[in-house]
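# Secondary and tertiary structure notes
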Amino acid sequence: DGGITQSPKYLFRKEGQNVTLSCEQNLNHDAMYWYRQDPGQGLRLIYYSQIVNDFQKGDIAEGYSVSREKKESFPLTVTSAQKNPTAFYLCASTFGGTGELFFGEGSRLTVL
Amino acid sequence: QKEVEQNSGPLSVPEGAIASLNCTYSDRGSQSFFWYRQYSGKSPELIMSIYSNGDKEDGRFTAQLNKASQYVSLLIRDSQPSDSATYLCAVNGNNAGNMLTFGGGTRLMVKP
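One structure accompanies this document, and this report is about it. All of these numbers come straight from a predicted model, not from anything done at the bench.

### What to know about the overall build of chain B
Looking only at helices and strands, one finds 0 helices and 11 strands in chain B. Of the regular secondary structure in chain B, the N- to C-terminal order runs β-β-β-β-β-β-β-β-β-β-β. For 112 residues, the compact-globule formula gives about 13 Å, and the C-alpha radius of gyration of chain B, at 13 Å, lands near that figure. In terms of principal-axis extent, the alpha carbons of chain B reach across some 45 × 30 × 20 Å. Counting only residues that meet the buried cut, chain B has 45% of its 112 residues in that class. Long-range pairs, those at least 24 residues apart, make up 55% of the contacts in chain B with a sequence separation of at least 6. For chain B, the computed accessible surface area is about 5,300 Å², with 45% contributed by carbon and sulfur atoms. Across chain B, the mean location of the 10 positive side-chain charges is 3 Å away from that of the 10 negative side-chain charges.

As structure tokens, this is what we get:
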């Protein structure tokens with residue numbers, strides 16, 4: 001079955017640690033996105049990539065980094081520079097960069 | 001700053017009634033409009049997209065777009081308890097990358 005797989009689903013981190021969230025898709029989609037969602041809030045764009053080896057900052061990129069070495073994979077690193085990293089992180093993809101996004105199940109990060 | 005505004009709710013309707021969810025947006029250049037449904041603790045899923053003024057119907061769902069007034073709405077007929085979720089409005093502007101801007105979502109509660 002085609003889809004987007006995010007891992008881990010739940011992650012606990014101590015302050016000062018970097019963590020990497022995995023996102024893999026087998027939908028053959030060109031564009032991939034990372035969003036952050038805080039309780040009771042909408043989605044805010046962290047980074048996006050429309051093609052391999054290229055990515056762009058979204059609205060809240062500070063404290064985050066990404067790579068896009070393969071079409072299928074778009075990992076997100078939450079660095080220690082991100083001041084308030086506790087949130088629900090959502091990876092999404094789309095064919096041709098339309099607004100019809102397919103989402104993974106999300107990764108819930110808690111900083112202790 | 002492009003904005004998409006939704007009433008956070010909760011909007012409470014009895015089972016079988018019509019639920020009306022509204023969304024306004026600030027960017028007059030917006031081209032595409034989407035409604036996503038998000039169950040508690042889950043990731044969003046696309047339920048409707050609309051690209052031109054007027055109504056678009058899909059089963060019990062009707063999306064309505066009025067570009068002159070800069071609003072988009074979602075009607076859910078014969079509401080069911082399983083429709084209880086948060087509904088996110090998303091708008092795709094006429095900008096580089098065609099990034100979506102999400103509203104904060106409206107929580108809908110359908111009471112049996």
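From this point, the narrative continues.
### Concerning the overall build of chain A
Of regular secondary structure, chain A possesses 0 helices and 11 strands. Helices and strands appear in chain A in the N-to-C order β-β-β-β-β-β-β-β-β-β-β. Computed over C-alpha atoms, the radius of gyration of chain A comes to 13 Å, within 12% of the 13 Å expected from 2.2 N^0.38 for 112 residues, which places it in the range of a compact globule. Principal-axis analysis of the C-alpha atoms places the extent of chain A at approximately 35 × 25 × 25 Å. Of all 112 residues assigned to chain A, the portion counted as buried reaches 48%. Within chain A, contacts between residues at least 6 apart in sequence are counted, and of these 53% link residues at least 24 apart. Side chains of chain A give 11 positive and 12 negative charges; the mean places of these two sets differ by 8 Å.

### Thoughts on the sheet that holds strand E8 (residues 76–78) of chain A
All names here are of chain A. Here we have 4 strands laid out as an open sheet, ordered E1-E3-E8-E7, and antiparallel in their pairing. Each edge of the open sheet carries a strand with a single partner, namely strand E1 (4–7) and strand E7 (64–66). Here the strands of the sheet are splayed against their neighbours by 20 degrees on average, with no regard to which way each runs. Of the strand pairs in this sheet, E1 and strand E3 (residues 19–25) are connected by 4 bridges, and their pairing is antiparallel. Directly across from Ser-7, in E3, lies its bridge partner Ser-22.

### Side note on the sheet that holds strand E8 (residues 71–76) of chain B
Taken together, 5 strands build an open sheet; the order of strands is E1-E3-E8-E7-E6 (chain B) and the sheet is antiparallel. Looking at the sheet topology across the chains shown, the edges are occupied by strand E1 (4–5) and strand E6 (54–58) of chain B.

### Section: the environment of B:Asp58
Looking at the secondary structure, you find B:Asp58 in strand E6. Not counting residues up to four positions away in its chain, the partners in contact with B:Asp58 are B:Ile47 and B:Met48.

### With respect to the side chain of A:Ser93
Residue and element names in this part refer to chain A. Turning to its location among the elements, Ser-93 is positioned in strand E9 (residues 87–94). With a relative accessible area of 0%, Ser-93 lands in the buried category. Within polar-contact distance, the side chain of Ser-93 engages the side chain of His-29 at 2.7 Å. Apart from the residues lying within four places of it in its own chain, the contact partners of Ser-93 are Ile-4, Gln-25, Leu-27, His-29, Ala-31, Met-32, Tyr-33, Glu-100, Leu-101 and Phe-102.

### A look at the side chain of A:Asp38
Residue and element names in this part refer to chain A. Among the secondary structure elements, Asp-38 is positioned in the loop between strand E4 (31–37) and strand E5 (43–51). Here the side chain of Asp-38 touches Arg-36 through a polar contact of 3.0 Å, side chain to side chain. Setting aside its immediate chain neighbours within four residues, Asp-38 contacts Arg-44, Thr-86 and Ala-87.

Scoring rules and cut-offs
Residues numbered from 1 in each chain as written. Chains lettered and ligands numbered in written order. Predicted model: local features only at pLDDT ≥ 70, side-chain atom pairs only at ≥ 80, totals over all residues. Heavy atoms only, no water. Helix = DSSP H or I, 4+ residues; strand = E, 2+ residues; numbered from the N terminus. Rg over C-alpha atoms; globule rule 2.2 N^0.38 Å. Buried < 20%, exposed > 50% of the residue type's maximum accessible area, 1.4 Å probe, protein only. Contact = heavy atoms within 4.5 Å. Areas by Shrake-Rupley, 256 points an atom, 1.4 Å probe, with all protein chains shown as cover. Lys, Arg positive; Asp, Glu negative; His and termini not counted. Charge placed at Lys NZ, Arg CZ, Asp CG, Glu CD. Pairing = 2+ DSSP bridges. Axes fitted to C-alpha atoms, helices over the stretch in contact; angles between N-to-C directions. Polar contact = N/O pair within 3.5 Å; in protein donor to acceptor, adjacent residues only side chain to side chain.

As far as function goes, none of this settles anything; it's purely spatial.
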